[in-house]
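Structural overview
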Amino acid sequence: MYKSFYSLAQTPFSKEIRPLDAFPATDYKGALNALKYLEKSKGIGLLIGEPGVGKTFTLRSFKESLSPSLYQVIYFPLSTGGVMDFYRGLAYGLGEEPKFRKVDLFRQIQRGIERIVEERRITPVFILDEMHMAKDAFLQDIALLFNFQMDSTNPFILVLSGLPHLKTRLALNHHRPLTQRIIMKYEIQPLTKEEVSNYIDHHLKIAGAKMPIFTEAAKEAITLRSQGWPRVINTLTINSLLFGSQLNKEQIDEEIVRLAIEDSKL
Ligand SMILES: Nc1ncnc2c1ncn2[C@@H]1O[C@H](COP(=O)(O)OP(=O)(O)OP(=O)(O)O)[C@@H](O)[C@H]1O
Ligand SMILES: [Mg+2]
């Protein structure tokens, strides 16, 4: 309903935003560059950040930037299944019928990786999201599973992503075999004050807004409350648009934002 009230062609601040429409925040570009470095050097990288800062979206952009004729991307968010599902998924993803026992499955995955690298000249890219949820045993498995080298170079790319405490956990002694092999680390920071305002304008422009809908004071209120976390900005702006249209306000001021903040309990 607010879409027609504000003459928007599309729903703004959508989760399904295309990488092409990304807001070019400094840290978004920084994280993508770090991933591009990993693409060249291959090996293991770590991408961390607070909830809603844009990790999954950045990983999606990275995935879409890779040519399917050179890279095979296997994305696995830990919230979606158990670790055995992950190993089986890996085997499937590599074109193998998964073996039953874990040891056999591991050997099979390693062979599968070698095969697609040597025979098809394709680099497998494993993206493990929400890794802060991983149990210690899984992190240790990952160290084992990806501890093989061909011609002394890494034949794969592995990205571990999660909340900042993943870094603290990985720093523990028993994870050193894995941590020592991480060659890229990037922590995505929230948007700066200036970026929040541009982020809001950017999203509204993509949605087809013809003129500014939020006053400067409204955007400042969102900046203050959101602390620059994109997901919070999305929620507050959508809520503000809802309230604004209900109250027949052509322009959204800080009063509407205050209502939106109260309503979203953020
Ligand atoms: N550079 C950007 N341009 C446009 N939208 C963005 C950008 N970064 C983040 N977003 C928006 O922020 C939302 C939240 O980002 P995302 O889901 O990637 O966060 P996350 O860090 O993975 O959070 P969580 O830790 O909860 O999984 C995305 O749905 C997207 O709409
Ligand atoms: Mg995420």
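1. Things to note about the packing of aromatic side chains
- Tallying each qualifying case throughout the model produces 11 aromatic pairs.
- Centre to centre, the rings of Phe-5 and Tyr-6 are 4.9 Å apart; their planes meet at 90°, and the pair counts as edge-to-face.
- By relative accessible area, Tyr-6 is classed as buried at 8%.
- Between Phe-86 and Tyr-87 the ring centres are 5.6 Å apart and the planes differ by 55°, which places this aromatic pair in the tilted class. Each member of the pair, Phe-86 together with Tyr-87, is buried.
- Ring-pair connections join several aromatic residues into one group, and the members of that group are Phe-76, Phe-86, Tyr-87, Phe-106 and Phe-138.

2. Some thoughts on the domain arrangement of the chain
- As assigned here, the chain comprises domain 1 (2–14 + 191–264) and domain 2 (26–188).
- Computed over C-alpha atoms, the centres of domain 1 and domain 2 are 36 Å apart.
- Each side of the interface is counted separately: domain 1 has 4 residues, and domain 2 has 5 residues.
- Buried area between domain 1 and domain 2, summed over both chains or domains, comes out near 410 Å², and the portion from carbon and sulfur atoms is 55%.
- It is Glu-195, Trp-229 and Arg-231 that lose the most area in domain 1 upon contact with domain 2, and together they represent 80% of the buried surface on that side.
- Counting every contact that joins domain 1 to domain 2 gives 0 salt bridges.
- Run the count over domain 1 and domain 2 and you get 2 residue pairs in polar contact (both at pLDDT 80 or more).
- For the side of domain 1 that touches domain 2, a count of residues per class yields 2 nonpolar, no polar and 2 charged.

Quick notes on the rules
Residues numbered from 1 in each chain as written. Chains lettered and ligands numbered in written order. Predicted model: local features only at pLDDT ≥ 70, side-chain atom pairs only at ≥ 80, totals over all residues. Heavy atoms only, no water. Phe/Tyr/Trp six-rings, centres within 6.5 Å; stacked < 30°, edge-to-face > 60°. Buried < 20%, exposed > 50% of the residue type's maximum accessible area, 1.4 Å probe, protein only. Domains from an automatic or database assignment. Contact = heavy atoms within 4.5 Å. Buried area = accessible area lost by both parts, 1.4 Å probe. Salt bridge = Lys/Arg side-chain N within 4 Å of Asp/Glu carboxyl O. Polar contact = N/O pair within 3.5 Å; in protein donor to acceptor, adjacent residues only side chain to side chain. Nonpolar A, V, L, I, M, F, W, Y, C, P; charged D, E, K, R; others polar.

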